[in-house]
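# Structure assessment
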Amino acid sequence: MSDGAPPRLDFTTLPEAKHRGDESHGDSSASESEYQHALEVVFDADNAHRRRSSLVTTEDPNLGGRSESAERRENTACFVHHLLEKQRRSRKSNTNSLQDINEDTKADKAIATNNEPATQSRMLTKRQLADMAYGVRELSKRLGSVRLRLKVKTVFLLTKAHDESLIGYTRDMVEWLLSKERDTPYIVYVEDTLEHNHKFDAKSIISADISREGRLKYWNNELCAQHPLTFDFAIKLGGDGTLLYASWLFQRIVPPVLSFSLGSLGFLTKFDYSGFRETLTSAFKDGVTVSLRLRFEGTVMRSQSKGQHRDLVEELIGEEAENDYTHKPDGSYEILNDIVVDRGPNPTMSSIEIFGDDEHFTTVQADGVCVATPTGSTAYNLAAGGSLCHPENPVILVTAICAHTLNFRPIILPDTVVLRVGVPYDARTSSWASFDGRERYDRNLTTITLEGTLTTDRIELCPGDYVTISASRYPFANVMQQGRRNEDWVSSISEKLNWNSRQKQKSFQEWSNDHDSKS
């Protein structure tokens, strides 16, 4: 192929993902030998300084042995994460295209803390984070111009929660997927709450055709968190909130998600449910166009009780003493929209410190601070006065919520910055952190799952605590309409928000005629 020619990509032979050692959920049709690496982008160890407290892993805050989840993540990936790992390897070989994506090269060594490889974005150095972000952007740009033909066998179906009117739509789609008229005997997973729902009536669906026996199964939160590679493809029925819930369920690897609009606004839901049969037939037969949406990794860092007269700025900017960890992680989230630190139930405003990499940016006196992804720019960020941002921009948007000063303006930072948003030790009250708009909980109710993530949605940040925010290794694979990559976003803000909508200015002749007719 001549220099400068676009690479020819054949995704028709890409395998589906299968969880290594997951015999009980081995519905996916992948060969596990073909997937040796998840979206755990690893790098050489010639790295710059990074605070030790941030290097303590969530899986093992005490720096113990290698965790089972870390072992598992090294050996699994969905097709998008497999491509991203190949992209990183080809760049390591001084190749800036995907033409060598099928080459199998040896992985680099990871950063290690007591032999524990770096498994979270906050643990990466500046160069490593930039390389990781570049790899995601480069792959996303190229995926936007091709169709991925997937060998789908296992389908994950998510319906808008607590909406009884959508159960009938869910049943219709399940019956269509399980029909013997389909070329592939799909295995369909629906939420476990539908198993005994009278309106859904799972028993009658199975009894209608003996070939459906064993092909209708049920998912729960634990299955999504621990075995995401069970599913080859995800279908969502609902609005943008349901899509955020899908991102919440899959805290690491996300299967490609095709969204049917059954909500109110629908910035992220691009497909009409009335044509779901034609849409799914085309998707499974002809392939899909995938947009990789940037997600953030948010890690709650808890202050360690070590005396009085402490200064958060000094702790985060200054050098830590040998073996002196000022903070330890208390769980991580992968979010698609935004992370908000605000006053919560407190009647007074919050005092919040903002750090970028190893610099103290500012101290904010406000109701809170919203840190949004480009996807989340049209949500809370916009309501707080932040900028609209195209989802393909590699940026982090920081917006104060009702700041006490008139001169605080929203700022846009590159996605290679590691932000820290914390509560100073001399703050009058605690602040509260929410991740993708989840509801409030007390920190005493917080528990840790097997994957090391918080089971609660909104947690208290006491004085001295902070949240580390960085670009995530796990982008959200959103299925887009073919050939409408940029038009979809522009039309969404025009139609949903009436962006720049006004009456057209009349020409002088029209104005003159109207003026004469009124005279």
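In the block above lies the structure referred to throughout.
Structural notes, computed from the coordinates. Everything numeric in this text was worked out from a predicted model, so none of it was measured. (Residues numbered from 1 in each chain as written. Predicted model: local features only at pLDDT ≥ 70, side-chain atom pairs only at ≥ 80, totals over all residues. Heavy atoms only, no water.)

### Examining the overall build of the protein
Defined as follows: Under the DSSP-based scheme used, a helix requires at least four consecutive residues in state H or I and a strand at least two consecutive residues in state E, with every element numbered from the N terminus. Burial status follows relative accessibility: with a 1.4 Å probe on protein chains alone, a residue under 20% of its type maximum counts as buried, one over 50% as exposed, and anything between as partly exposed. Contacts: residue pairs with any heavy atoms within 4.5 Å of one another. Working definition of accessibility: Shrake-Rupley area with a 1.4 Å probe, residue cover restricted to the visible protein chains.
Within the protein, the regular secondary structure consists of 13 helices and 22 strands. Residues classed as buried in the protein amount to 56% of the 519 residues present. By sequence separation, contacts in the protein at least 24 residues apart represent 77% of the contacts at least 6 residues apart. Summing over all exposed atoms, the protein offers an accessible surface of approximately 23,300 Å²; the carbon and sulfur share of this is 47%.

### Some thoughts on helix H9 (residues 276-286)
An α-helix turns once per 3.6 residues; consequently, residues spaced three or four apart project the same way. Counted only if it meets this: Note that the arc is computed from the directions linking the helix axis to the C-beta atoms.
Listing the buried residues of H9 in full gives Phe 276, Thr 279, Leu 280, Ala 283 and Phe 284. Considered in projection along H9, the buried side chains sweep an arc of 115° and stay on one side of the axis. Exposed residues pointing more than 90 degrees away from the buried face of H9 are listed as Glu 278 and Lys 285. Buried positions along H9 lie against strand E3 (154-159), helix H5 (167-178), strand E6 (233-238), strand E7 (257-261) and strand E8 (271-272).

### Some thoughts on the pairing of strand E15 (residues 368-372)
Stated formally: By this definition, two strands are paired if DSSP reports at least two bridges between them.
With five of five residues buried, E15 is to be regarded as a mostly interior element. Neither face of E15 is left uncovered, since the one carrying Gly 368, Cys 370 and Ala 372 and the one carrying Val 369 and Val 371 both have all their residues buried. Summarising the sheet, strand E12 (residues 338-342) and E15 pair through five bridges and their orientation is antiparallel. Opposite Asp 342, over in E15, you have Gly 368 as the bridge partner.

### Examining unusual backbone geometry
In this structure, Asp 201 is a non-glycine residue whose phi angle is positive, near 55°. One non-glycine residue, Asp 436, lies in positive phi territory at about 60°. Tracing the chain through its elements places Asp 436 in the loop between strand E19 (431-435) and strand E20 (458-461).

### Comments concerning the packing of aromatic side chains
Definition in use: Only Phe, Tyr and Trp rings are paired, with Trp represented by its six-membered ring, and only when their centres lie within 6.5 Å; those with planes under 30 degrees apart are stacked, over 60 edge-to-face, the remainder tilted.
A complete count under the given rule lists 14 aromatic pairs for this structure. A ring pair is formed by Phe 231 and Phe 250, whose centres lie 5.9 Å apart and whose planes are at 85°; its orientation type is edge-to-face. On the criterion of sequence distance, the pair formed by Phe 231 in the loop between helix H7 (221-226) and E6 and Phe 250 in the loop between helix H8 (240-249) and E7 is long-range, its members being 19 residues apart. In terms of burial, Phe 231 and Phe 250 fall into one category: buried.

### Here we look at a nonpolar patch on the surface
Rules: Residues enter patches when their relative accessible area tops 30% and they take part in no salt bridge; the joining distance is 9 Å for like charges and 5 Å for the nonpolar side chains Val, Leu, Ile, Met, Phe, Trp and Tyr. The rule for a salt bridge is simple: a side-chain nitrogen of Lys or Arg has to be within 4 Å of a carboxyl oxygen of Asp or Glu.
Taken together, the side chains of Val 490, Leu 497 and Trp 499 make up a nonpolar region of the molecular surface, amounting to roughly 260 Å² of accessible area. With respect to the secondary-structure elements, Val 490 resides in helix H12 (residues 485-497).

### Some thoughts on the pattern of salt bridges
Under the criterion given, the structure shown has nine salt bridges. For the salt bridge of Asp 330 with Arg 302, the shortest nitrogen-to-oxygen distance reads 3.0 Å. Note that Asp 330 is positioned in strand E11 (residues 327-335) and Arg 302 in strand E10 (residues 296-303), a separation of 28 residues in sequence. When salt bridges that share partners are traced, they join Arg 302, Asp 330 and Asp 465 into one network.

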